[in-house]
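Here is how the chains run, residue by residue.
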Amino acid sequence: MTYPASSNFHAFIQAGGRSSRMGADKAWLEVNGRPMIEHVLAAAEPVAASLSIIISGDNPNEARYRQLADKRGALLLDDLHVHLGPLGGIHTALKNCEADDAALILACDLPFLTSEFLALLCQKHESNASQITVPLDAEGRLQPLAAIYDRACLPAVEEQLAAGQLRVDRLFDVVPTTRIAYSDFAHLPSAARFFFNLNSPEDLKADLSFVVKPQTAE
């Protein structure tokens, strides 16, 4: 199934973090024979007007990321901040958007996201008057790294960064936000796995229905 890409939605994959719990750059862990970040890029490509990968400026795998970006027709962006977490990455994404654009922010370690789900998320965002659209998982937890942020919320992001308030969910209290209940997309295939991510070596053994391999040296 194909989905028409919207000219207003631009996908930004947050990658290249320190991954202190995993002990390795999670983007390159292989799920079913492909690095996790490739799964995320493949899911986003049909629904977004452009793809970008955000990494820290000191990332030792920059050349590998650049090769991947060239392969997928994506931009490679250096995070504007030094390890300020997801909020810093969101700021970087919004600074690379035009006035009427929206940033589809995706973590690199969500390999089970699907184009069908992301298309639904974009449709929900277009139909509401909010600046942020964020889904909730089956347990009711917000998923800010599988969400959409209008460029209009840039001032609020910058205000939080200036105050040293790095929790993304604080944005949802000050910016018009639509929360998408799990029941709104539970009918989609594999919905229960959309937000399964890998944060530690123990997570590698948490689901035996897929194969995970550690990254290999170049």
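### As for the packing of aromatic side chains
Move 1: Counted under the stated rule, the structure contains nine aromatic pairs.
Move 2: Ring geometry for Y182 versus F185: centroids 5.2 Å apart, planes at 80°, classification edge-to-face.
Move 3: Linked through ring pairs, F117, Y182, F185, F194 and F195 together constitute an aromatic cluster.
Move 4: The lysine or arginine in question, R64, covers the ring of W28, its NZ or CZ lying 4.1 Å from the ring centre.
Move 5: Over the aromatic face of F112 sits the side chain of R193, whose NZ or CZ is 4.2 Å from the ring centroid.

### Structural notes on the nonpolar core
Move 1: Counting residues in each nonpolar core, the largest one holds 42 residues, and the members touching the most others are I37, I53, Y65, L106, F117 and F185.
Move 2: Within the residue set of this core, elements represented by two or more residues are β1 (6–14), α1 (36–44), β4 (48–55), α2 (62–72), β6 (102–107), α4 (115–127) and β8 (146–150).
Move 3: With six residues, the single largest contributor to this core is α4.
Move 4: Apart from the residues within four sequence positions on either side, I37 is in contact with I13, A15, A27, W28, I53, Y65, L68 and C108.

### A few points about the sheet that holds β8
Move 1: One open sheet accounts for seven strands, arranged β5-β4-β1-β6-β8-β7-β9; its pairing is mixed. Single-partner strands in this sheet number two, and they are β5 (75–78) and β9 (177–180). Neighbour to neighbour, the strand axes of the sheet diverge by 25° on average, direction disregarded.
Move 2: In this sheet, β9 lies alongside strand β7 (residues 132–135) in parallel orientation, the contact comprising four bridges. Bridge pairing in β9 places V134 opposite R179.
Move 3: Each of β1, β4 and β6 touches α1; the most contacted strand, β4, lies at about 155° to it.

### As for the pairing of β5
Move 1: Pairing of β4 with β5, which is carried by four bridges, proceeds in the parallel orientation. Considered in β5, the bridge of I53 is made with L76.
Move 2: Taken together, β4, α2 and β5 constitute a β-α-β crossover, and its handedness is right-handed.

### Considering α4
Move 1: With 13 residues, α4 should cover 18 Å at 1.5 Å per step; its first-to-last C-alpha distance of 18 Å lies within 8% of that length.
Move 2: Every buried residue of α4 is listed here: S115, F117, L118, A119, L120, L121, C122 and H125.
Move 3: Looking at the buried residues of α4, the elements they touch are β1, α1, β6, β7, β8 and β9.

Calculation criteria
- Residues numbered from 1 in each chain as written.
- Predicted model: local features only at pLDDT ≥ 70, side-chain atom pairs only at ≥ 80, totals over all residues.
- Heavy atoms only, no water.
- Phe/Tyr/Trp six-rings, centres within 6.5 Å; stacked < 30°, edge-to-face > 60°.
- Lys NZ or Arg CZ within 6 Å of the ring centre and 35° of its normal.
- Core = buried A, V, L, I, M, F, W, Y, C linked by side-chain atoms within 4.5 Å.
- Buried < 20%, exposed > 50% of the residue type's maximum accessible area, 1.4 Å probe, protein only.
- Helix = DSSP H or I, 4+ residues; strand = E, 2+ residues; numbered from the N terminus.
- Contact = heavy atoms within 4.5 Å.
- Pairing = 2+ DSSP bridges.
- Axes fitted to C-alpha atoms, helices over the stretch in contact; angles between N-to-C directions.
- Right-handed = clockwise from strand over helix to strand, strands pointing away.
- Expected span 1.5 Å × (residues − 1).

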